[in-house]
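Given next are the chains, with one letter for each unit.
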Amino acid sequence: MLSKILLNLLFIFIFLPINLNAWGGENLRYISSLSGKKLVITVDDKWRNIDNGVDFKSIKLKRSDSGLDIIIKLLRMDLKLIKARVLYSKNPETNFRNVKDIAEKGNIIAAINGSFFDINGDPLGLLIADAKTINNRIVTHSIYSGIFYVKDDVPYIVYRDNFTAAGVTQAVQVGPILIADGKDTEGFKDMHSIHYRSGIAIDDSGRVIIYATDTNYKGISLHEVRQVMRLPDIGCINVLNLDGGGSTQMYISTPSFSDHIAGSADIPVVIGFYRR
């Protein structure tokens, strides 16, 4: 009898997490996934100020069908107080293999992986680092739909066809764009493929938000990322996907806070954020 009771308790323990009602019933918050499935928001931290002009938050989600967890970490920055730079590993002054290498060079608040690259570590698509053009080729493949760039210390995310290089000091071509001027984008494949993700965005106040899925947990689809970035307290009007998968990595370091999402691959391009 005792063994039967224990087996019943074990069954409940295993399958309770994928029972939606067990997470809050009608008060449940979730985002939709493929074929009517859901991602339940189990933890949604408030934005936490970790430095002047810098805020951090974390969101934890659980798949309703499998019970698998996903964690997305986000960093929000005011570029009137923080400077964004594109860093290229083959420049002697910025030699690195990953975001942690960059962070250990000092005075950096955050770093996130950047553009796609070939087997030789050369960037695929436009790349401008500290006003130096590393690659002037704007790739026309559908996935390379967007460009993040900085001009006169103001950040922009635009379609590649709307980009003008004059006066630009930093630029990365990558993609796809998930949200453009507040509207969902269309016309690209693999919206529902599950991978580790990273990206850069601009919110409705003009602040930059970088985000990455914690690689100690599970991945997420582009469709799901887009819904996360539309949550009311995130409120992004432009969202650009960065190179994900094994390249996904992010490092944050301030006097009061640090966090590191480690990738499984060396990367040649990083977007770094520095105190002015």
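Check the entry above for the structure.
Residues numbered from 1 in each chain as written. Predicted model: local features only at pLDDT ≥ 70, side-chain atom pairs only at ≥ 80, totals over all residues. Heavy atoms only, no water.

**Considerations on the overall build of the chain**
Here's step 1: Assigned secondary structure in the chain consists of three helices and 20 strands.
Here's step 2: Of all intrachain contacts in the chain linking residues separated by at least 6 positions in sequence, the fraction that spans at least 24 positions is 65%.
Here's step 3: Put simply, the chain shows about 13300 Å² of open surface, and 51% of that area lies on carbon and sulfur atoms. (Helix = DSSP H or I, 4+ residues; strand = E, 2+ residues; numbered from the N terminus. Contact = heavy atoms within 4.5 Å. Areas by Shrake-Rupley, 256 points an atom, 1.4 Å probe, with all protein chains shown as cover.)

**Focus: the pairing of strand 10 (residues 146-151)**
Regular strands place their side chains on alternate faces of the sheet.
Here's step 1: Counting buried positions over the six residues of strand 10 gives five, a clear majority of the element.
Here's step 2: What sits between the antiparallel neighbours strand 10 and strand 11 (residues 154-159) is a turn of two residues, in which Asp-152 has the positive phi angle 55 degrees.
Here's step 3: Pairing analysis gives six bridges linking strand 10 to strand 12 (residues 168-174), with the strands arranged antiparallel. By the bridge assignment for strand 12, Val-150 is matched with Gln-170. (Buried < 20%, exposed > 50% of the residue type's maximum accessible area, 1.4 Å probe, protein only. Pairing = 2+ DSSP bridges.)

**Things to note about helix 3 (residues 222-229)**
Here's step 1: By the criterion of burial, helix 3 is predominantly enclosed, with seven of the eight residues buried.
Here's step 2: Taken as a whole, helix 3 has its buried residues at Leu-222, His-223, Glu-224, Val-225, Arg-226, Val-228 and Met-229.

**Some remarks on the pattern of salt bridges**
Here's step 1: This model, assessed by the stated rule, comprises 18 salt bridges.
Here's step 2: One salt bridge connects Asp-153 with Arg-276, and the closest N-O pair in it is separated by 3.4 Å. Of this pair, Asp-153 sits in the loop between strand 10 and strand 11 while Arg-276 sits in the segment after strand 20 (269-275), and the two are 123 residues apart along the sequence.
Here's step 3: Through salt bridges with shared partners, a single network forms among Arg-29, Asp-44, Lys-57 and Asp-233. (Salt bridge = Lys/Arg side-chain N within 4 Å of Asp/Glu carboxyl O.)

**Regarding unusual backbone geometry**
Here's step 1: A cis amide bond, omega 5 degrees, links Gly-175 with the succeeding residue Pro-176.
Here's step 2: For Pro-176, the location among the structural elements is in the loop between strand 12 and strand 13 (177-180).
Here's step 3: Even without glycine at this site, Asp-130 takes up a positive phi of about 50 degrees.
Here's step 4: Along the chain, Asp-130 turns up in the loop between strand 8 (127-129) and strand 9 (132-135).
Here's step 5: Residue Asp-130 is classed as partly exposed on the basis of its relative accessible area of 38%.

**Quick word on the side chain of Thr-248**
Here's step 1: Structurally, Thr-248 is set in the loop between strand 17 (236-241) and strand 18 (250-254).
Here's step 2: A distance of 3.5 Å separates a polar side-chain atom of Thr-248 from the backbone oxygen of Tyr-196.
Here's step 3: Of note is the side chain of Thr-248, whose polar atom sits 3.1 Å from the backbone oxygen of Gly-245.
Here's step 4: For Thr-248, the contacting residues outside a window of four places in its chain are Asn-113, Tyr-196, Arg-197, Ser-198, Ala-212, Thr-213, Thr-215, Asp-243, Ile-261, Ala-262 and Gly-263. (Polar contact = N/O pair within 3.5 Å; in protein donor to acceptor, adjacent residues only side chain to side chain.)

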